[in-house]
Amino acid sequence: MFKLAITNDGNSTFSIANVAGHFKKVLADITLPIVGLVIFLGLWSLVAKSIDTSLGQFPGPSQVLEQTYSLIDEHNVQQDKAEQFYERQHKRNEARLAQDPTYEAKVRPFTGAPTFFDQIWTSLYTVAVGFLIASFIAVPLGIVCGLSKSVYSAINPLIQLFKPVSPLAWLPLVTMVVSAAYVSDDPIFAKSFITSAFTVSLCCLWPTLINTAVGVSSIDKDLINVSKVLRLNAFTHVMKIVLPSSIPLIFTGLRLSLGIGWMVLIAAEMLAQNPGLGKFVWDEFQNGSSESLARIMVAVLAIGMIGFVLDRLMLVLQKYVSWDKTAVLR
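Since this is a predicted model, take the numbers as computed values, not measurements.

*Asks:* Could you give an account of the overall build of the chain, naming the residues involved and the relevant values?
*Replies:* When its secondary structure is counted, the chain shows 10 helices and four strands. Listing the helices and strands of the chain from first to last along the sequence gives β-β-α-β-β-α-α-α-α-α-α-α-α-α. For the chain, the C-alpha atoms occupy an extent of roughly 80 × 55 × 50 Å along the three principal directions. Relative to its full complement of 330 residues, the chain shows a buried share of 31%. Of the contacts formed within the chain by residues at least 6 apart in sequence, a portion of 67% connects residues at least 24 apart. Of the charged side chains in the chain, 25 are positive and 23 negative, and the gap between their average positions amounts to 11 Å.

*Asks:* Lay out the packing of aromatic side chains in plain terms, naming residues and giving numbers.
*Replies:* Counted according to the given criterion, the structure contains 11 aromatic pairs. Ring centres of Trp282 and Phe285 lie 5.6 Å apart, and the angle between their planes is 40°; on these two criteria the pair is classed as tilted. With Trp282 and Phe285 both in helix H9 (residues 277-287) and three residues apart, this pair spans about one turn of that helix. Accessibility expressed as a relative area gives 32% for Trp282, which makes it partly exposed.

*Asks:* Describe the domain arrangement of the chain, with residues and values.
*Replies:* Each assigned domain of the chain is listed with its residue range as follows: domain 1 (2-50) and domain 2 (116-321). Averaged C-alpha coordinates put domain 1 and domain 2 at centres separated by 36 Å.

*Asks:* Quick rundown of unusual backbone geometry? Include the residues and the values.
*Replies:* A positive phi angle, near 55°, is found at Arg231, a position not held by glycine. Among the secondary structure elements, Arg231 is positioned in the loop between helix H7 (221-230) and helix H8 (234-272).

*Asks:* How would you summarise the side chain of Ser257 if you had to cite specific residues and measurements?
*Replies:* Relative to the helices and strands, Ser257 resides in helix H8. Only 2.6 Å separates the side chain of Ser257 from the backbone oxygen of Cys204, close enough to count as a polar contact. Those residues within four positions of Ser257 in sequence are excluded, and the remaining contacts are Phe131, Cys204, Pro207 and Thr208.

*Asks:* So, the environment of Phe131: which residues are in play, and what are the values?
*Replies:* Tracing the backbone shows Phe131 in helix H3 (residues 116-147). Its relative accessible area of 10% is what places Phe131 among the buried residues. With 128 residues separating them along the chain, Phe131 and Gly259 place their C-alpha atoms 9.8 Å apart. Those residues in contact with Phe131 that lie beyond four places of it in its chain are Val200, Cys204, Leu254, Ser257, Leu258 and Met314.

*Asks:* Give me the nonpolar core: which residues, what numbers.
*Replies:* Counting residues in each nonpolar core, the largest one holds 49 residues, and the members touching the most others are Phe116, Trp262 and Leu277. When contributions to this core are tallied by element, the ones reaching two or more residues are helix H1 (16-49), helix H2 (61-99), H3, helix H4 (149-162), helix H6 (191-217), H8, H9 and helix H10 (292-321). In terms of residue count, H8 provides more of this core than any other element does, 12 residues in total. In contact with Leu277, not counting residues within four places along its chain, are Phe116, Gln119, Ile120, Ser123, Trp262, Ile266, Glu269, Ile303 and Ile306.

*Asks:* Lay out the pattern of salt bridges in plain terms, naming residues and giving numbers.
*Replies:* Once the charged atoms of two side chains with opposite charge are near each other, the side chains can pair. On inspection of all chains with the given rule, the structure shows seven salt bridges. Its salt-bridge partner being Lys91, residue Glu87 comes within 3.5 Å of it at the nearest N-O pair. Taken together, the residues Glu87 and Lys91, both in helix H2 and four residues apart, mark about one turn of the helix. Measuring nitrogen to oxygen at the nearest pair gives 3.1 Å for the salt bridge that ties Asp311 to Arg312. You can call Arg312 partly exposed: its relative accessible area is 23%.

*Asks:* Explain the environment of Gln84 to me, using residue names and the numbers behind them.
*Replies:* By secondary structure assignment, the location of Gln84 is in helix H2. A relative accessible area of 44% places Gln84 in the partly exposed class.

*Asks:* Let's hear about a nonpolar patch on the surface: which residues, and what values?
*Replies:* A surface patch of nonpolar side chains, amounting to about 530 Å² of accessible area, comprises Val35, Ile39, Leu43, Leu46, Val47 and Ile51. Relative to the elements of secondary structure, Leu43 occurs in helix H1. Judged by its relative accessible area of 52%, Leu43 is exposed.

*Asks:* Talk me through the side chain of Glu284; I want residue IDs and the actual numbers.
*Replies:* As for its placement among the helices and strands, Glu284 is situated in helix H9. Glu284 sits in the buried class, given a relative accessible area of 11%. Contacts of Glu284, omitting those with residues within four sequence positions, involve Ser292, Arg295 and Ile296.

Scoring rules and cut-offs
- Residues numbered from 1 in each chain as written.
- Predicted model: local features only at pLDDT ≥ 70, side-chain atom pairs only at ≥ 80, totals over all residues.
- Heavy atoms only, no water.
- Helix = DSSP H or I, 4+ residues; strand = E, 2+ residues; numbered from the N terminus.
- Buried < 20%, exposed > 50% of the residue type's maximum accessible area, 1.4 Å probe, protein only.
- Contact = heavy atoms within 4.5 Å.
- Lys, Arg positive; Asp, Glu negative; His and termini not counted.
- Charge placed at Lys NZ, Arg CZ, Asp CG, Glu CD.
- Phe/Tyr/Trp six-rings, centres within 6.5 Å; stacked < 30°, edge-to-face > 60°.
- Domains from an automatic or database assignment.
- Polar contact = N/O pair within 3.5 Å; in protein donor to acceptor, adjacent residues only side chain to side chain.
- Core = buried A, V, L, I, M, F, W, Y, C linked by side-chain atoms within 4.5 Å.
- Salt bridge = Lys/Arg side-chain N within 4 Å of Asp/Glu carboxyl O.
- Patch = residues over 30% accessible without salt bridge, like charges linked within 9 Å, V, L, I, M, F, W, Y side chains within 5 Å.
- Areas by Shrake-Rupley, 256 points an atom, 1.4 Å probe, with all protein chains shown as cover.

Put into structure tokens, the structure is as follows:
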């Protein structure tokens, strides 16, 4: 094999064959997903032409792309209306203040219909809050369960009981509890937001809790012995031994929880008619126009892409906080 030395010490060598192999791998990593995407779009386009629904022909890629541009235009128009609305208020308030310096200027919120991108932001914000609430409960509780067999034995029946419960079963209960307990003349958060966030939290708890407990309970015994020899206190033991060792499984649970939370949220928004992408899909379905199916397909693709991005972000975060910097995104 032909090799060229590239280091001063003469020990490391450069292989043309290795470079060629690496180039082929990179090329395959780039081209194969593109080929798969092209095949999918082609099959989608062919199948869509043969499906007729009560709302018209099933949308193909071109119709979905057209409605994507339409939704972007609608968002821009609504943003312009909002800017003009606030600008008019600002001018009126300036005129009133010029006449009466004691006048207390008031700015009323823009009440236009939320756009597709507003709904995306609402869903992202809601799932983030619900996921964080669940994580702050599940990770510490999972650590305690992993460290104490007695605690795990006591909590495990509850985990097994509530883990399979559908979010559609939790939603009515959460709605009733929030309506009864969250009573305020000037609420900080809307009841619909609280309902959706807590429904997400209830369904996000279990994967993180279980994986954290498994990760903590499977720590290498040598590390446990080192902690005993050094006589680390409980807090230091958890921070220096338990958490670094169980990070991979904790993040596995967090990734699963985030994916479940994102799916749960869309279903909850559809059922409860709470603001977000789920409500957008349901409204378009009820609208029944010839463009509705294409708009629903835009939402479906957006939901999938957002879920993929959220999963990638969790992997990047895992690589950043984990001691194992060789973790591969996959």
